[in-house]
Each structure stands twice: as C-alpha cells, then as structure tokens.
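Notes for the structure review
Listed here are the chains, written in short residue letters.
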Amino acid sequence: MKISPADDFTTTINVISEYDQHKKALLEYIEEVTTNAEEIQKRVLSEILSRNKNVEYLQRKGLDGHTDGETFKKMLPVITYEDLKPDIDRIISNGNTSSPPILCDQPISMLFCSSGTSSGVRKRIPVTEEDAERRYFFRSLVMPIVDQHIPGLDKGKVMYIMISVPQDMTPGGIGLSYSSTAFYKTSYFKDRSDNNPYNSYTCPIEAIHCEDSYQSMYSQVFCGLYQSDQVHRLGAPFGSGMVSIVRFIQENWTSLCNDIRNGRIDNKKITDLLVRKAVSKLLSIKPNPKLANLIETECKRDETWKGIMSRLWPNAKYIESVVTGTMSQYIPYIEFYSNKLPIVCARYACSEAYCGINLNPLCQPDQVSYTLIPTMAYFEFLPILSDQHDQQEVVDLTAVKLGNEYELVITTYTGLYRYRVGDVLRVAGFKNNAPQFNFMRRNNTLLSIDTEKTDEVELQNAVNVAARHLKKFLSASLVDYTSFADHHTTSSTTPGHYVLYFELEWDKNNFSIFQTTVMEECCLLLEETLGAEYRECRVDKKLIGPLEIKIVETGTFDKLMAYAAKEGSSVNQYKTPRCVKLAPIVQLLNSRVVSNYFSPKSPQYSPGHGPLHKLHYFVCRVKLVVVPYANSGILLMVSN
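First, a word on what this report is: a plain description of the structure on this page. (Residues numbered from 1 in each chain as written. Predicted model: local features only at pLDDT ≥ 70, side-chain atom pairs only at ≥ 80, totals over all residues. Heavy atoms only, no water.)

1. Description of the overall build of the chain
If you tally the helices and strands in the chain, you get 23 helices and 22 strands. Counting the 640 residues in the chain, one finds 57% classified as buried. Within the chain, residue pairs in contact and separated by at least 24 positions form 72% of the contacts whose partners lie at least 6 positions apart. (Helix = DSSP H or I, 4+ residues; strand = E, 2+ residues; numbered from the N terminus. Buried < 20%, exposed > 50% of the residue type's maximum accessible area, 1.4 Å probe, protein only. Contact = heavy atoms within 4.5 Å.)

Here is the structure:
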C-alpha cells in the first residue's frame, strides 16, 4: 500500500485503525519519502506557497504567487522569531479576523508556547488543525521502527509520564498552550485506537489532564507501580524527567506503598475526584500487600537506589527519553538507576515542527542521528562556518555535506517561511537520499563578558571535565548546573566574570581540608577547557575576572523548576536553563549558595592553541591524600 508523501494525512490516519497492516505501510512510507527526498521537498514547498499565496506576509515580500524554489529564495529572507514577532503579536491580538490572513491560509487553531529554557524567549508558534494531524502521523512512525529492534512491546504497557499545564486564551480568541499539553488534549490522543497495541498506557487520561503536577505525577506513578509486572516501556519527554520520577518515588514511596497495600488512594493531597474515580475504574483497585511489601523492600534495600527502575519494573525493555545535547548529563544517572536499560531517543521535534526519526533506536545516546522526514516541512540549512564573516549560503535538504554542521531553517504549512529554528545539526549519514543528523546544540551564545562568546557545547564540555574531577577526588556527583555572566564589578571580582552554580550530591560528613583545593582546581579546569576566545580575554586582554563556582543547597534546581512552572512553563517541556539572566532567578540561586570558590590563577593560554590541562602537580598531590578518605565513588543523586 502506498501513502501519498505530501498531501492527504487524513486518509493516512484513518488507515492506522488496522495497525498490523498499517505497520508495514509506514515502513514502506519511510523508504519512499527518503528515496524521493529531493522531489518531495520541491512538492512540499510548491504546495505551501500555493496554499498561502494570498496571505499578507507573502504578498508583502513580493512573492506574487510564485511557487518555485528559485523565486522563493530570491524574494524571502532568512528570518528569526524576532523578525516574525510583530505578525504573531497581531494574531494574538486579532485572532483569525485579519483579511487577508497574516501568515497562513488556514485558520490558526492554536499557538504553541515554547518553553523558553533554551533561548530565554518564549515563542508563540501558529498551528492549524491539519498540522495537528501531520504531527500525529509523524508520531505513528516511531513504534514500527522500534518494534523491529525490540520485539514483544505489543504485549505490555507503557508508563510514560505526561504532565499537563493550564491552557490560556489569547485576546483574539486562540488557545495558547505548550505543544505537549495540546497533544494530550487532541482527539488523536484521547481517542487513540484500541487496535494499536502500542497505545496501552498505564494511567487514565484524567491523570494526564490533571493540571496539578503533584496529583498528576502521583497518580501516574501509582498506576505504573500497581501494574508494574505489565510495564514493558518507561519514558518521559526529557532525561531530566526520568530522573524526576526517581526523585518523586524517593519522596513518596511510603505513601505509594500504603495506598497499594490498602487498595485505595488515601494520600490527602490527591483531591481531584475525577482522577480518583478514573484510577479506581481503570485498575479496579484491590488491596495488594504482596506488591506493596515488594516495593518497600526494593526502596529500602540500597540507599544509593542503584537499579531501582529495573527492580520496580522488572519487565521494562527500554527507556524512551531525549538525552541529546545538554540532556546528555542525565545519561549516567538514568543508567545508574536502570541498570543500563537501553535509552531510546526516538524523534527530533520542536514547537515549530516535527522533523526527524531515529531509525537506529538502540544506538548509543552519543551516536543518535535523526532522519528528517521530507513531508513534514520544507527544510533548508545554514552552514556553520569557522569564520562568521564569510558569506553563508543556505542549502537544500539533499545538498548538505557529510560531517558539516548547519543551522536548521524551516518553511511550514502554518506560516513560518525560511525560519531559523536555532538548532545546530551535523550530517552523520544518509538514509537513501535523505540526510541523517546529529543534534549538536542550540546556536546561541550562552555567556559573554566582553568580545568572547561561549556556547552551550563549550560550556557543557568544560562542566563535564570539572564533574569528572569532582567525582574522582571528592566522590561528589553533579546533580545539575547553570551559569551567569556577572558583568557587575564587586569588591572581590574586577572585571566581570563567569559564575557556575553547581548542585552536588556528596557525603557532607566526608569533607577534608583539601575540599577548597579541589574546588579551586575545578574552577581552573573549567577555564582551561573553555574556548580560546575566553582564555584570550581572560589572560592576554585581562577583560574577564577569575571564574567562580557557587555550590548551592540540595533541591535548588527543583525550586528553579517550580519557579518556572509558577511563571507558566510546562513541567513536561522544562529544561534547566544553562545560563540565567533574569534577576529573580539569579536572586533565587544566590539565596541558596552554601560556599563559593574562585580560580586560583589564570589558565594556560597560547594563541592559536586549544585547551591546555596543566594540573598534574595538583592531581598528584591531592590524589595521595584525598582518595583514602573517599567513598566508593558510586554515582548518587538522592534527595535529602
């Protein structure tokens, strides 16, 4: 059976009801669209421009009804969200009343709100009903691929934690929501076919729709534990969410065991009657003291909680979660808690569009590549050049070069034209004629004091080096971190300097007199691992002061997430910001600092050379004294 590669998604979706037959068709679909990627991309662009030829934006740019790629690229500039914001603000204010329509021909049914944790700006992305169908169809491609590598998933259930947040309404009458919450409330999710054996979730829809994050999480974890022997898949949108599940159980396992033992939810914090009723109806809850005792035994067995996920869900075959980019820091924790269950990064998506599928789901997390599906949008790529003064010529999907890095530029059915997403991708290979990409980073500058620019990859690499040093000499594990470019001169730091906030898990009774020395070494390691621009400004130009690490109290980053949720961010989409700028967040972090340390000297720097590591005399001296006092070095992340 052939599926049209560019147009009728409604017909495609209807086929899903016969899942066994459709699974083969979906795999054939992937083969077809990746083989004919160039032709399909031309058709997608032509269709987008033909549908939207009368919208105000394209008229304003002088496209004059042309649908060919050459005219399109000549007349329309590559833009950012800030360029489009005035038009989106008009949609927010006026809704779909403008004539002609502002961005796309079809009515805007929803505005997706990005989390803002990567760029610092919450974007409002237009979505139509047809686009919701397209995104649902994209999601349906995942399980036929995973099923080829991990058999038997159709025989069990999935515990995938999904947290909803309240939806708002714009002055123009259009719903404003996070993409995950919006998806959970679509008819495609609520009315998902019983004929699809991979759609068997452990919790009722009412628990997912509950907008109180504690009640939603408690009821979802309760249902997952109650049906633990049936769970074959575990998941959360991001790696941080998987760790949050463990933290939640650590804080609530006594109550969860009591409720399972008694066969009813006695937790007084669960006040949503719809949730209580739905959970009872779904599970037909009966007292299960045997299961409660088993869970209690596992939670008490090992204070490190090593392998707790695989012990509580012994039949789980893998974990689905995004752990690429800065989420990679959570991989060791997930592996520790799960006894190294496979971590599957299934799809690459953003608020603007769903883009790519991982065709090799069992690959190592640092090897994940995504095959862009050419029917989802029109894709272009802006080369990332070593000399940013060079001319950047945008290239098409099938013209990218193996090993090169590009920023993703998309044109969508919903009114984004040559829009810079901000994600940097590296070409890792090809599926037929469609390229496959590694997600590298967000293309933005996180930290800058003077002329230097430090991006999130540079910062992440430096933090990784420091984290390994902390684990080796203080048996301390990095729970989470963020940074701040302190431009303000103080009595102790002139000029401005980088500040790193570290939350650590360590044995606070096992400190030694060498703690300060090790922390100062970490500061210097960070500086020596940062880019040449930073070290030039720090050493030669003396425009940057010594780097500072501030250790914050346990639970600080939970409070940071709670602050973001209070301000309207989706817990499901939340990612710890790797750089903070807002005064209330900086104040929150500073209020929880327990100690701070500065780099003891300037880092080594030679013009034209990369990072230098000259701490051998430190390492030899400290290793002989500190290691005998260190514990086993097991990776821990246990909340107090």
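After presenting the structure, the write-up continues.
2. A word on the environment of L111
Mapped onto the fold, L111 is located in strand β1 (residues 110–113). Residue classification places L111 among the buried positions, given a relative accessible area of 0%. Linking L111 and M169, residues 58 residues apart in sequence, is a C-alpha distance of 9.4 Å. Residues contacting L111, with those up to four places away along its chain left out, are I92, R124, I125, P126, T170, I174, G175, L176 and S177.

3. Focus on the nonpolar core
Formed by 182 residues in total, the largest nonpolar core has its most connected members in M309, W313, F379, F381, L408, F502 and I549. The biggest single contributor to this core is helix α13 (residues 239–262), with 10 residues. Setting aside chain neighbours within four positions, we find F381 in contact with L372, E393, V394, V395, D396, L397, V400, Y406, E407, L408, L425 and F437. Of all hydrophobic cores here, the second largest spans 12 residues; its members include F484, L560, Y574 and V586. (Core = buried A, V, L, I, M, F, W, Y, C linked by side-chain atoms within 4.5 Å.)

4. Quick notes on the sheet that holds strand β22 (residues 593–598)
Reading across the sheet, the four strands line up as β19-β20-β21-β22 and stay open at both edges, with mixed pairing between neighbours. This sheet does not close on itself; its edge strands, each paired only once, are β19 (477–486) and β22. When strand polarity is set aside, the average angle formed by the axes of neighbouring strands in this sheet is 25 degrees. Where strand β21 (residues 548–552) meets β22, five bridges bridge the pair, whose relative direction is antiparallel. Paired with K550 across the bridge in β22 is N596. (Pairing = 2+ DSSP bridges. Axes fitted to C-alpha atoms, helices over the stretch in contact; angles between N-to-C directions.)

Any functional reading would require information beyond the geometric quantities listed.
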